[in-house]
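In case you want the letters, here they are:
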There are 2 protein chains.
Amino acid sequence: MTTLKDLQVIIDEAVKKLTYPAHPADLYEPITYILSIGGKRLRPALVLMACDLFGGDIQDAISPALAIEVFHNFTLMHDDIMDNAPLRRGRETVHQKWNQNVGILSGDAMLVEGYKLMMQVDNSILRPVLEIFNKTATAVCEGQQIDMQFEEQSNVQIEAYLEMIRLKTAVVLGGALEIGALIGGANEKDADLLYTFGEQLGIAFQLQDDILDVYGDPEKFGKQVGGDIMANKKTYLLIKALETADADTLTELNHWLSLKEFNAPEKVAAVTAIYNKLQIKENAFKAMQAYADTSFSALEAINLPAERKQYLKEFADGLLSREN
Amino acid sequence: MTTLKDLQVIIDEAVKKLTYPAHPADLYEPITYILSIGGKRLRPALVLMACDLFGGDIQDAISPALAIEVFHNFTLMHDDIMDNAPLRRGRETVHQKWNQNVGILSGDAMLVEGYKLMMQVDNSILRPVLEIFNKTATAVCEGQQIDMQFEEQSNVQIEAYLEMIRLKTAVVLGGALEIGALIGGANEKDADLLYTFGEQLGIAFQLQDDILDVYGDPEKFGKQVGGDIMANKKTYLLIKALETADADTLTELNHWLSLKEFNAPEKVAAVTAIYNKLQIKENAFKAMQAYADTSFSALEAINLPAERKQYLKEFADGLLSREN
């Protein structure tokens, strides 16, 4: 089994070889630009891993892996417009560097490029692969819409939040794995199980993200610890706190949420103290663990020798014990 | 052969049957809304006509025809954002009725829905059909990007303009016909010829649009005659006038183009007078006729009895002698 690092190198090399027409420059340069900003290439690596898991040749999975990466970056390009974000991974976002219309149209072209890459599979699996891709793309749009609604909603329920992160984040991990499995020659049942592994892992991954944003080690966490608290972001932690707080604690929490101006470290400390009092971290960790367990059960149920699945198991363990 | 009117009814009925999930409402309601605004359904009708031309069952072509219509409306939804347009066919645009983010995201979901519908073809033609769809979608994005660039460009060349309208408008007509031909069982050569028929007809159609905007009968033309002149829109007529005017006429034309405030009927009359002096209408008509001729030659070359092709010929004649 190729190591994750090797897979990431393979993908980085393949991304560099993706070339687009020189004209119209404002349509294609943003695609090359956003793809060059990088990221961990985890999603495309999952396509390759899944293909390899079932004994397929990872060369056959490279274009579909790129399709997943191009698709993911298309969603980032459009999400950044919707979120009015000036920066992405420390670099200017496309709509900031060019303009909004370029961001919209270049993103549209990118989604089409994703389909072109995804079609580079054998005829025998073309339809099922594209059906998974369609389903994934629809889920991500739904998840993003629900996420935007949450911003204007005061009473988000924990179940709705979990469904949102499933749609917006987790389905892509599942879809990437399921597509890779089909390329690798898996039967439908095993491909489904691998989808579930990825989907449930994706939810666990996002819950961990929520935890790290508050409880991450400032030395190791890439972003500013407490960013979600400062922005009143409706994470698992905040929703759970609002749900479980007694009357006085709720008043205090709502006070911090209502402040238009505040001292940031003070707000972060105060809200974190509330979370601590309510044992939100433990609660979130438990929820994360439950999703991880479901994920691992699906992996175990796949009809392959345990040692063959060890690599994915370790990969998932690694993901869920990360500190950034 | 079913009449165009009947085909439009078939499509309208099929559009009404397209149902989307109730939630998230802001993702799916705009899709139903923009599709309900209507339009002439010419593009999907072309898919059905082409299928029928080669002896196929038009029932097999309905979903792909809807795919073309959904795709077309996706481009309208995003173009309206980019053009900052408040109205579309007299109704509020999606970004105006909801908001911009809804327009972006709902459009994205719509493109995916287009792919889902386009995939409802036999496995034997799935790949070529999707390849045409991809090529078409890419062309439309390129055309829209070039069109936006033209707005900020003072020296647009006539060749560049013709290439822009080919990409933005004509390729979809060609693609719709080519896909319908494949569904109807055409061989690659005949499908290609029908593509050329549609593409060249599309360019002729757009040139006629440019002519009608200035020379249309105000009683019959749906929009305000002279709209392009008021907006300094770079049409075939304006570009040709800028290209062929002598120094004095050019100065006069540029004067009208430079005015920030003007009396609209006065400007329309003055620019039309310049066009008349330069015989721009005749020139544009000649260009339109040349594209129509190429279009008809391609249709003639298709390996089918002439009487079978008569219907499409008449349809094209009808399109090019329209008054609105």
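As annotated in an unreviewed UniProt entry, chain A carries the name Polyprenyl synthetase family protein and comes from Mucilaginibacter jinjuensis. UniProt annotates chain A under Cofactor (unreviewed entry) with the comment "Mg(2+)". The record held by UniProt for chain A lists under Sequence similarities (unreviewed entry) the comment "Belongs to the FPP/GGPP synthase family."

Q: Go over the overall build of chain A, please, and point to the residues and values.
A: Tallying secondary structure elements over chain A gives 15 helices and 2 strands in all. Rg of the C-alpha trace for chain A: 20 Å, near the compact-globule value of 20 Å for 324 residues, within the 12% margin. Counting only C-alpha atoms, chain A reaches 60 × 50 × 35 Å along its principal axes. By the burial criterion, 58% of the 324 residues in chain A qualify as buried. Considering only contacts in chain A between residues 6 or more positions apart, those separated by 24 or more positions represent 74%. Only carbon and sulfur atoms are counted for the fraction: they give 49% of the accessible area of chain A, which is about 13700 Å². Taking the average location of the 30 positive side-chain charges in chain A and that of its 47 negative ones, the two points are 2 Å from each other.

Q: Residues and numbers for the relation of the copies chain A and chain B, please.
A: With an axial shift of 0.0 Å and an RMSD of 0.0 Å, the rotation relating chain A to chain B amounts to 180°. Such a combination of turn and shift is consistent with a two-fold rotation axis.

Q: Describe the packing of helix α4 (residues 62–82) of chain B against helix α7 (residues 123–151) of chain B, with residues and values.
A: All names here are of chain B. α7 packs onto α4 with a crossing angle of 20° between their chain directions and a minimal axis gap of 12 Å. Judged on the interaxial angle alone, α7 and α4 are roughly parallel. Regarding α4 and α7, the two cross each other, and that crossing is right-handed. Here α4 contributes A67, I68, F71, T75, D79 and M82 to the contact with α7, which in turn contributes F133, A137, V140, Q144 and M148. Its residues placed into classes, the contact of α4 with α7 shows 8 nonpolar, 2 polar and 1 charged.

Q: Kindly report on the interface of chain A and chain B, identifying the contributing residues and their values.
A: Reports of interface size often rely on the accessible area that becomes lost once the parts have come together. Taken together, the contact pairs 40 residues of chain A with 40 residues of chain B. Summed over both partners, the interface of chain A with chain B buries about 3400 Å², with 65% contributed by carbon and sulfur atoms. The largest contributions to the chain A side of the interface with chain B come from L105(A), M119(A) and R127(A), which together make up 18% of the buried area. Linking chain A with chain B are 0 salt bridges.

Q: Residue-level account of the nonpolar core, with values.
A: Core analysis: the largest hydrophobic core is formed by 248 residues, its most contacted members being L194(A), F197(A), L207(A), L194(B), F197(B) and L207(B). Apart from the residues within four sequence positions on either side, L207(A) is in contact with Y161(A), L162(A), I165(A), Y236(A), A287(A), M288(A) and Y291(A).

Q: Describe unusual backbone geometry, naming the residues involved and giving the relevant values.
A: Residue H23(A) is joined to P24(A) through a cis peptide bond whose omega torsion reads -10°. Inspection of the secondary structure assignment puts P24(A) in the loop between α1 (4–17) and α2 (25–36). One non-glycine residue, R89(A), lies in the positive phi region at around 50°. Inspection of the secondary structure assignment puts R89(A) in the loop between β1 (87–88) and β2 (91–92). The backbone phi angle of Q279(B) is positive, close to 55°, even though this residue is not glycine. In this structure, Q279(B) sits in the loop between α13 (264–278) and α14 (280–301).

Q: Residue-level account of the state of the cysteines, with values.
A: All chains considered together, the criterion is met by 0 disulfides over all chains. We note that C141(A) lacks a disulfide partner, and the nearest cysteine sulfur, in C141(B), lies 15 Å from it.

Q: Which residues make up the pattern of salt bridges, and what values go with them?
A: Enumeration according to the criterion identifies 22 salt bridges over all chains in this entry. The salt bridge partner of E13(B) is K16(B), with a shortest N-O separation of 3.9 Å. Of this pair, E13(B) and K16(B) both sit in helix α1 (residues 4–17), 3 residues apart, which is roughly one turn of the helix. Accessibility expressed as a relative area gives 63% for K16(B), which makes it exposed. Salt-bridge contacts for E199(B) lead to R166(B); the nearest nitrogen and oxygen are separated by 3.0 Å. Here E199(B) is found in helix α9 (residues 188–215), whereas its partner R166(B) is found in helix α8 (residues 158–183), with 33 residues between them in sequence. Residue class for R166(B) comes out partly exposed when judged on its relative accessible area of 23%. Via salt bridges that share partners, D12(A), R41(A) and E69(A) belong to a single interconnected network.

Q: Give a detailed account of the domain arrangement of chain A, specifying residues and quantitative values.
A: Residue and element names in this part refer to chain A. Domain annotation for chain A reports domain 1 (1–141) and domain 2 (187–324). Put simply, the middle of domain 1 and the middle of domain 2, counted by C-alpha atoms, are 25 Å apart. For the pair domain 1 and domain 2, the summed buried area comes to about 1100 Å², and 76% of that belongs to carbon and sulfur atoms. Interface area lost by domain 1 to domain 2 is led by M49, L53 and F54, which between them contribute 49%. For the pair domain 1 and domain 2, the interface holds 3 residue pairs in polar contact (both at pLDDT 80 or more). Taken together, the elements giving at least two residues each to the side of domain 1 that touches domain 2 come down to α1 and α3 (42–53).

Q: So what's going on with helix α6 (residues 100–118) of chain A? Which residues, and what values?
A: Residue and element names in this part refer to chain A. Compared with the 27 Å implied by 1.5 Å per residue over 19 residues, the 27 Å span of α6 between its first and last C-alpha is a close match. Within α6, 17 of the 19 residues are buried, which leaves it mostly tucked inside the rest of the structure. Structurally, the start of α6 carries an N-cap: the backbone nitrogen of N101 is 3.0 Å from a side-chain oxygen of N99.

Q: Let's hear about the packing of aromatic side chains: which residues, and what values?
A: Evaluated as defined, the whole model comprises 12 aromatic pairs over all chains. Ring centres 3.5 Å apart and planes at 5° place the aromatic pair Y115(A) and Y115(B) in the stacked group. Of this pair, Y115(A) sits in helix α6 while Y115(B) sits in helix α6 (residues 100–118), each in a different chain. Stacked on the ring of W98(A), the Lys or Arg K97(A) has its end atom at 5.7 Å from the ring centre. Stacked on the ring of Y195(B), the Lys or Arg K135(B) has its end atom at 4.8 Å from the ring centre.

Q: Could you give an account of the side chain of Q206(B), with specific residues and numbers?
A: All names here are of chain B. Mapped onto the elements, Q206 comes out in helix α9. Judged by its relative accessible area of 13%, Q206 falls in the buried class. Non-local contacts of Q206, meaning those with residues more than four positions away in its chain, are made with Y161, I165 and T169.

Q: Could you give an account of α4(B), naming the residues involved and the relevant values?
A: Residues and elements named next belong to chain B. Helix length check: α4 (21 residues) gives 30 Å between terminal C-alpha atoms against 30 Å at 1.5 Å per residue, within 8%. With respect to burial, α4 is a largely interior element, 21 of its 21 residues being buried. Downstream of α4 by one or two residues, N84 has phi in the positive range, about 60°.

Q: Break down the environment of I104(B) for me, with residues and values.
A: With respect to the element layout, I104(B) can be found in helix α6. Filtering out sequence-adjacent residues up to four positions away, I104(B) remains in contact with H78(A), I81(A), M82(A), I104(A), H78(B) and I81(B).

Q: Give a description of the environment of G202(A) that names residues and reports values.
A: All names here are of chain A. Along the chain, G202 falls in helix α9 (residues 188–215). Each C-alpha atom, one on G202 and one on I165, is 8.3 Å from the other, the two residues being 37 residues apart in sequence. Excluding anything up to four places from it in sequence, G202 contacts A170 and L173.

Q: Tell me what's going on with the side chain of S295(B), and back it up with residues and numbers.
A: Mapped onto the fold, S295(B) is located in helix α14. Apart from the residues lying within four places of it in its own chain, the contact partners of S295(B) are F197(B), Q200(B) and L201(B).

Conventions adopted
- Residues numbered from 1 in each chain as written.
- Chains lettered and ligands numbered in written order.
- Predicted model: local features only at pLDDT ≥ 70, side-chain atom pairs only at ≥ 80, totals over all residues.
- Heavy atoms only, no water.
- UniProt positions renumbered as here; feature names shortened; annotations may be inferred.
- Helix = DSSP H or I, 4+ residues; strand = E, 2+ residues; numbered from the N terminus.
- Rg over C-alpha atoms; globule rule 2.2 N^0.38 Å.
- Buried < 20%, exposed > 50% of the residue type's maximum accessible area, 1.4 Å probe, protein only.
- Contact = heavy atoms within 4.5 Å.
- Areas by Shrake-Rupley, 256 points an atom, 1.4 Å probe, with all protein chains shown as cover.
- Lys, Arg positive; Asp, Glu negative; His and termini not counted.
- Charge placed at Lys NZ, Arg CZ, Asp CG, Glu CD.
- Least-squares fit on C-alpha atoms with pLDDT ≥ 70 in both.
- Axes fitted to C-alpha atoms, helices over the stretch in contact; angles between N-to-C directions.
- Parallel < 35°, antiparallel > 145°, perpendicular 65-115°, else oblique.
- Left-handed = near helix turned anticlockwise from the far one by under 90°.
- Nonpolar A, V, L, I, M, F, W, Y, C, P; charged D, E, K, R; others polar.
- Buried area = accessible area lost by both parts, 1.4 Å probe.
- Salt bridge = Lys/Arg side-chain N within 4 Å of Asp/Glu carboxyl O.
- Core = buried A, V, L, I, M, F, W, Y, C linked by side-chain atoms within 4.5 Å.
- Disulfide = S-S within 2.5 Å.
- Domains from an automatic or database assignment.
- Polar contact = N/O pair within 3.5 Å; in protein donor to acceptor, adjacent residues only side chain to side chain.
- Expected span 1.5 Å × (residues − 1).
- Phe/Tyr/Trp six-rings, centres within 6.5 Å; stacked < 30°, edge-to-face > 60°.
- Lys NZ or Arg CZ within 6 Å of the ring centre and 35° of its normal.

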